[in-house]
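Okay, here's what each chain looks like letter by letter:
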Amino acid sequence: MKSFFKSFLAVILGNLVVAALFFFAGIVFLVFIIASLPIKSGVHIPDRAFLVLDMNMTVSDTPEQHDSGLGSLLNKDAPSMGLWDLTEALGAAGKDPKIKGLFITGSLISENYGSGFASLAELRRAILDFKKSGKPVIAYLDDPSLKNYYVATTADTLYVHPYADVGIAGLAAESFYLAGAMRRYGVGVQTTKVGKYKSAIEPFISEKMSDADREQQQALLNGRWTEIVADIAVGRKTTPAHIRQLSNEHGMLDARMARSEKLVDEVAYLDEVIEAVKALGDESGEHGSFIQIGVGDYALHRDKPNQDNLPVIAVVYAEGEIVDGQGDAQSVGGDALAATLRQIRQDPDVAAVVLRVNSPGGSAFASEVIQRETRQVSVSKKPLVVSMGSVAASGGYWISAYADKIFVERTTITGSIGVFGLLFNMQSIALNMGVSFDGVKTAKYADLETMSRPKTEDEMALLQRQTDKIYESFLNKVAEGRKLERRLVEEVAEGRVWTGVAARRLGLADEFGGLREAVAEAVSMGGVSGNYAVRQYPERRTALEALSLRLSQREDAPSIVRVLQRQGQNRGQAARASRHLARLWQHLERMNDRHGVYARLPYWDED
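Just so it is clear, the model here is predicted, and its values are computed rather than measured.

(A) Here's a closer look at the overall build of the chain. When you go through the chain residue by residue, the secondary structure sums to 23 helices and 24 strands. Burial status across the chain gives 51% buried among its 607 residues. Put simply, 77% of the contacts in the chain that link residues at least 6 apart link residues at least 24 apart. Total accessible area on the chain stands at roughly 28500 Å², and carbon and sulfur atoms take up 54% of it.

In structure tokens form, the structure reads like this:
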């Protein structure tokens, strides 16, 4: 009898477990079905509305990678909007009779390599194009830091909060130097490099900036600051000399001083600005504010022409560090991008390709994998136009060199034609902890990749020869791709970075312009007449795909990079330090070149 009850209970429990599993599977299936369906937001574009450009986001090159709906609800990253979608929305709004004007507010977020000055220069041009419609552009800032102010100087009327400080202190570049910490904790560092200015290794072996790096960074900042000041001066109807004087004498100007110096038009609280905007449009009965629609909602719900059966201009994004393999949302996987380019060049509907590069480089091997496919695009008789974003240097230039035409912004950071190797060993720290290593090998260089000891003189000579060979290949590729004499490439290489202005002068780029200008050139070179469709890659995921990816990437605990990045979304000095630490840590995490040789920029766009 006891045995019977055990069996009976086991059957009951088994049925309950099976039922529970089926119930759970049903719930998951239902969630996936719901996620795959479009969620009706009820958003419509009201008449006489102001388009609101809320800058509390990252202006990224790469567009949002999921549809609206459950997939986007699960997205925990900082809000962002792709540059192409943003500028296209502004262009459409300028022609839309429902849109009364443009209202700019908020404070930009600089996540990954987004919201750089080159992207913001293109955003400014889109706003200025909107102004040609005769519709008013009003800006209100409570945090007029340099980037926010740079965008807002396009406005007809610029308001700031009474307690705001207008930041025009200038640009600065600062690096971490870890040599002292490496010695203290017993981490050995050995390096290979080619290029007088290739300074990416300096943070790990030095305690201060080298003279060569100081020279190139100062020239880079001076060149970019010249362009930024010129744009601000035009926007505020003053002279660059006046802006420079205020920058050097004050750095930050309080609201009333900024008004007296004509850096802003009015000093007001938000409720006063709302009343002023209402006077230009109509009051919204729902909120007591002016009638409005956010630029993100407008981009999604505005009328778009049917693009079926039209020739396609493929816009491919390479944003983030270049790494071996598939990469992730914040990096450029060599294999993944090469596969995308291969797919595009085999697509008969694609008339031309635009490669948008916003990358400091990274793995030399992955850069070569990508470059091979860029050359194959040309072989397939599809024109390839490169649009360089805020940074397209080192490996970012490597993948650009064979383009039919290269567009740069004046503030783009590019060049850095040089390579390096970075080798760590743990011998000292291990000995301090009482740990030792021993082993056997079949040949002299069999344990070349070990981290248990420093490399020998012979091993370092071998690795330096490998680095030299890759540098020589880099020079040859630039000379061939850009149709330059080898000696001229050698003169502008050595790992030195250049502004877009210098790059065009030196033959490393062809034209000034952004993504929109590059697309227009691709249309012309592709022989497209009439209407065309722009297809962006990576292609937008459905909500179901976004949910699947989110579930597959769940972490038991957030990585140190994610913790620092989330802290960095705040304002202030602590947030700035968090952003810089996140980028340094992320740089180390992504050093996965199979040969240990890198074509990468050591620093990033200023916050």
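Let's pick the thread back up.
(B) Expanded view of the packing of helix H3 (residues 83–95) against helix H20 (residues 515–525). Packing of H3 against H20 brings their axes to within 10 Å, and their N-to-C directions diverge by 85°. Between H3 and H20, the angle falls in the class roughly perpendicular. On H20, the residues that touch Trp84, Thr87 and Glu88 of H3 are Leu515, Arg516 and Val519. Grouping the constituent residues of the contact of H3 with H20 by class yields three nonpolar, one polar and two charged.

(C) Expanded view of the nonpolar core. Grouped together as the largest cluster of nonpolar side chains are 56 residues, with contacts concentrated most on Leu51, Leu53, Leu102, Ile127 and Leu263. Counting residues per element, this core draws most heavily on helix H4 (residues 117–131), which supplies seven residues. If sequence neighbours within four positions are ignored, Leu51 has contacts with Leu90, Ala93, Ile99, Gly101, Leu102, Phe103, Ile293, Gly294, Val295 and Tyr298.

(D) The pairing of strand S23 (residues 533–537), seen in detail. Most of S23 is tucked away: four of the five residues are buried. By the bridge criterion, five bridges tie strand S12 (residues 312–319) to S23 in an arrangement that is parallel. Paired with Val312 across the strands is Ala533, a residue of S23.

(E) Structural detail: helix H13 (residues 334–345). Between its first and last C-alpha atoms H13 spans 17 Å; for 12 residues at 1.5 Å apiece the expected length is 16 Å, and the two agree. In the core, the buried residues of H13 are packed alongside S12, strand S13 (321–323), strand S14 (331–333), strand S15 (350–359), helix H14 (364–379) and S23.

(F) Region of the structure containing unusual backbone geometry. That bond from Tyr537 to Pro538 is cis: its omega, 0°, falls within 30 degrees of zero. Here Pro538 shows up in the loop between S23 and helix H21 (543–552). Although it is not a glycine, Ser416 adopts a positive phi angle of roughly 55°. Looking at the secondary structure, you find Ser416 in the loop between strand S19 (413–415) and strand S20 (419–425).

(G) Geometry of the pattern of salt bridges. Applying the stated criterion across every chain yields a total of 28 salt bridges. Residues Glu485 and Arg487 are paired through a salt bridge, measuring 3.0 Å at the closest nitrogen-oxygen approach. Of the charged contacts in the structure, one is a salt bridge between Arg486 and Glu490, with a shortest N-O distance of 2.9 Å. Taken together, the positions of Arg486 and Glu490, both in helix H18 (residues 486–492) and four residues apart, correspond to about one turn of that helix. Take Arg486: its relative accessible area is 25%, and that puts it in the partly exposed class. Residue Glu490 is classed as partly exposed on the basis of its relative accessible area, which comes to 35%. Connected through salt bridges with shared partners, the residues Lys441, Asp447, Arg453 and Glu459 form a single ionic network.

(H) Here's a closer look at the pairing of strand S6 (residues 157–160). Direction of pairing for strand S5 (residues 137–141) relative to S6: parallel, over a ladder of four bridges. Bridge pairing in S6 places Leu141 opposite Val160. Regarding topology, helix H5 (residues 146–152) serves as the crossover connection from S5 to the parallel S6, and that connection is right-handed. With two bridges connecting them, S6 and strand S10 (residues 266–267) associate as parallel partners. Bridging from a neighbouring strand, Tyr159 pairs with Glu266 of S10.

(I) Quick look at a nonpolar patch on the surface. Taken together, the side chains of Met433, Val435 and Phe437 make up a nonpolar region of the molecular surface, amounting to roughly 330 Å² of accessible area. With respect to the secondary-structure elements, Met433 resides in the loop between helix H16 (427–432) and helix H17 (457–482). Residue class for Met433 comes out exposed when judged on its relative accessible area of 64%.

(J) A look at the packing of aromatic side chains. As enumerated under the stated definition, the model contains six aromatic pairs in all. Seen from their ring centres, Phe117 and Tyr150 are 5.7 Å apart, and the 75° between their planes marks the pair as edge-to-face. Here Phe117, found in helix H4, pairs with Tyr150, found in helix H5; they are 33 residues apart in sequence, far enough to count as distant. In this structure Phe117 comes out as buried when scored by relative accessible area, which is 1%. Residue Tyr150 is classed as buried on the basis of its relative accessible area, which comes to 1%. Clustering of aromatic rings is evident, with ring pairs tying together Phe50, Phe103 and Phe290.

(K) Quick peek at the sheet that holds strand S4 (residues 99–105). Spatially, six strands are ordered S10-S6-S5-S4-S1-S11 in an open sheet, and the strand pairing comes out parallel. Each edge of the open sheet carries a strand with a single partner, namely S10 and strand S11 (292–294). As paired strands, strand S1 (residues 49–54) and S11 are joined by three bridges and run parallel to one another. Across the sheet, residue Leu51 finds its bridge partner in S11, namely Ile293. Running at roughly 150° to S4, H4 makes contact with S1, S4 and S5 of the sheet. Its contacts with the sheet place helix H11 (residues 270–280) against S1, S4, S5 and S6, and it is angled at close to 175° to S5.

Conventions adopted
Residues numbered from 1 in each chain as written. Predicted model: local features only at pLDDT ≥ 70, side-chain atom pairs only at ≥ 80, totals over all residues. Heavy atoms only, no water. Helix = DSSP H or I, 4+ residues; strand = E, 2+ residues; numbered from the N terminus. Buried < 20%, exposed > 50% of the residue type's maximum accessible area, 1.4 Å probe, protein only. Contact = heavy atoms within 4.5 Å. Areas by Shrake-Rupley, 256 points an atom, 1.4 Å probe, with all protein chains shown as cover. Axes fitted to C-alpha atoms, helices over the stretch in contact; angles between N-to-C directions. Parallel < 35°, antiparallel > 145°, perpendicular 65-115°, else oblique. Nonpolar A, V, L, I, M, F, W, Y, C, P; charged D, E, K, R; others polar. Core = buried A, V, L, I, M, F, W, Y, C linked by side-chain atoms within 4.5 Å. Pairing = 2+ DSSP bridges. Expected span 1.5 Å × (residues − 1). Salt bridge = Lys/Arg side-chain N within 4 Å of Asp/Glu carboxyl O. Right-handed = clockwise from strand over helix to strand, strands pointing away. Patch = residues over 30% accessible without salt bridge, like charges linked within 9 Å, V, L, I, M, F, W, Y side chains within 5 Å. Phe/Tyr/Trp six-rings, centres within 6.5 Å; stacked < 30°, edge-to-face > 60°.

Without other data, these values stay purely geometric and don't point to any function.
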